[in-house]
Amino acid sequence: MPLLRRARGRVVNVASVMGRVSCFGGGYCISKFGVEAFSDSLRREMRLFGVQVSIIEPGGFRTAMLNPVQLVKDFTRLWERLPAETRAAYGPQYPDRLARSAVLVHRLSSSRLSPVTDAMTHALLSRCPRSRYAAGWDARLLFLPLSYCPTWLSDTLLGLLLPTPAHGTPARP
């Protein structure tokens, strides 16, 4: 950090739009929320030294991470290891619903990574870099606006798009 402060340099961290709206459990969204928080804190601290910190928030892109074949294979392996009680709570149709969601996300994802690399380039070379860059149509038009919605609305909308457990206890009013 001393060299970065002395040079009045830049930090560009790649998070994800999933650092704003968590669509699924596991470590990915948790880690992206962490990158967002770290970057926000670092930006506020380093601003006094002339260091600029930017966050790149990509949406869905056709990378190995969104490969539906691999996602379904990994999920199936984990599903088969779950206790019968847990599988029953989610229902036998849950793996198929998740597979359909994975295929849909892959189809809607862009194979063009240039929005991400363009954002990185701007963050590094621009005279006035932004604090945040939403990269991808879904990041800009779906997840970013969704992150500003009331929680009940974002939960409802995501519940329409994502697979949900078959059984559960309804929330008390």
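It should be noted that the structure appears before, not after, this text.
Below, the structure is looked at part by part. Being a predicted model, the structure only gives us computed values, none of them experimental. Counting restarts for each chain, with residues numbered from 1 along the sequence as it is written. For this predicted model, a pLDDT threshold of at least 70 governs which residues receive local features, and a threshold of 80 or more governs which side-chain atom pairs are given and counted, while totals over whole chains, interfaces and linings are taken from all residues. Working from all heavy atoms in the structure, the side-chain values ignore hydrogens and water.

1. Observations regarding helix α6 (residues 114-125)
For the record, the criterion: In this text, helices come from DSSP runs of H or I with a minimum length of four residues, and strands from runs of E with a minimum of two, each type numbered from the N-terminal end. How far a helix is expected to stretch is found by multiplying one less than its residue total by 1.5 Å. Throughout, exposure labels follow a simple rule: accessible area from a 1.4 Å probe, protein chains only, divided by the maximum for the residue type, with under 20% read as buried, over 50% as exposed, and the rest as partly exposed. Note that the arc is computed from the directions linking the helix axis to the C-beta atoms. It only takes one pair of heavy atoms within 4.5 Å for two residues to be counted as in contact.
With 12 residues, α6 extends 16 Å between its outermost C-alpha atoms, agreeing within 8% with the 16 Å of an ideal straight helix rising 1.5 Å per residue. Of the residues making up α6, those classed as buried are V116, A119 and A123. Buried positions in α6, seen along its axis, are confined to an arc of 65° and lie on one side of it. Exposed and facing more than 90 degrees away from the buried side of α6 are D118 and L125. Its buried side turned inward, α6 meets β1 (10-14), β2 (52-58) and β3 (132-135).

2. Concerning the pairing of β1
Selection criterion: Crossovers are marked right-handed if the path from the first strand over the helix to the second runs clockwise, as seen with the strands pointing away from the viewer.
Only one face of β1 is covered, namely the one carrying V11 and N13; the face carrying R10, V12 and V14 has none of its residues buried. Handedness of the β-α-β unit built from β1, helix α2 (residues 27-46) and β2 comes out right-handed.

3. Digging into the sheet that holds β1
To keep it simple, the criterion reads: Any two strands with at least two DSSP bridges between them are considered paired. Convention adopted: a line fitted to C-alpha atoms gives each axis, helices being fitted over their contacting stretch, and angles between N-to-C directions are expressed from 0 to 180 degrees.
The parallel open sheet is built from three strands, whose spatial order is β1-β2-β3. Both edges of this open sheet fall to β1 and β3, since each of them pairs with a single strand only. Recorded for the sheet is a direction-independent mean angle of 20° between the axes of neighbouring strands. Bridge analysis of β2 against β3 gives four bridges, and the strand direction is parallel. Looking at β3, one finds that I55 is bridged to R132. Contacts between α2 and the sheet are confined to β1, β2 and β3, with β2 contributing the most and set at about 160° to the helix. Helix-sheet contacts for α6 involve β1, β2 and β3, and the interaxial angle to β1 is about 160°.

4. A look at the nonpolar core
Our working definition: In these notes, a set of buried Ala, Val, Leu, Ile, Met, Phe, Trp, Tyr and Cys residues joined through side-chain atoms within 4.5 Å is what counts as a nonpolar core.
Counting residues in hydrophobic clusters, the biggest one holds 10 residues: V17, M18, V21, C23, C29, A134, A139, F143, L146 and L158. Considering every element that reaches this core, the biggest residue donor is helix α7 (residues 137-148), with three residues. Leaving out residues up to four positions away in the same chain, A134 has contacts with E57, A139, R140 and L144. Ranked by size, the runner-up nonpolar core spans seven residues in total, among them I56, V116, A123 and A135.

5. Here we look at the state of the cysteines
Joining two cysteines, a disulfide is a covalent bond between their sulfur atoms. For the record, the criterion: When the sulfur atoms of two cysteines come within 2.5 Å, that pair is taken as a disulfide.
In this structure the tally under the stated criterion is zero disulfides. Here C23 stays free of any disulfide, with the sulfur of C29 as its closest cysteine sulfur at 6.5 Å. Exposure remark for C23: the relative accessible area of 18% places this residue in the buried category. You can see C149 has no disulfide; the closest cysteine sulfur is in C23, sitting 12 Å from it.

6. Looking at the packing of helix α3 (residues 68-81) against helix α5 (residues 94-108)
Describing two packed helices takes the angle between their axes plus the distance from one axis to the other. Spelled out, the test is: Roughly parallel means an angle under 35 degrees; roughly antiparallel means over 145; roughly perpendicular covers 65 to 115; every other angle is labelled oblique. Each crossing gets its hand from how the near helix is turned against the far one by less than a right angle, where anticlockwise is left-handed and clockwise is right-handed. Nonpolar residues are Ala, Val, Leu, Ile, Met, Phe, Trp, Tyr, Cys and Pro. Charged residues are Asp, Glu, Lys and Arg, and all others, Gly as well, are polar.
Here α3 crosses α5 at 160°, and the two axes come no closer than 9 Å. Taken together, the axes of α3 and α5 lie roughly antiparallel to each other. For the crossing formed where α3 meets α5, the hand is right-handed. Residues P68, L71, V72, F75 and W79 of α3 form the contact with α5, whose participating residues are Y94, P95, L98, A99, A102, V103 and H106. Here the contact of α3 with α5 is composed, by residue class, of 11 nonpolar, one polar and no charged.

7. Here's the deal with the pairing of β2
With six of its seven residues buried, β2 lies for the most part within the structure. Relative to β2, β1 is paired through five bridges, and the arrangement is parallel. Its bridge partner lying in β2, R10 is registered against Q52.

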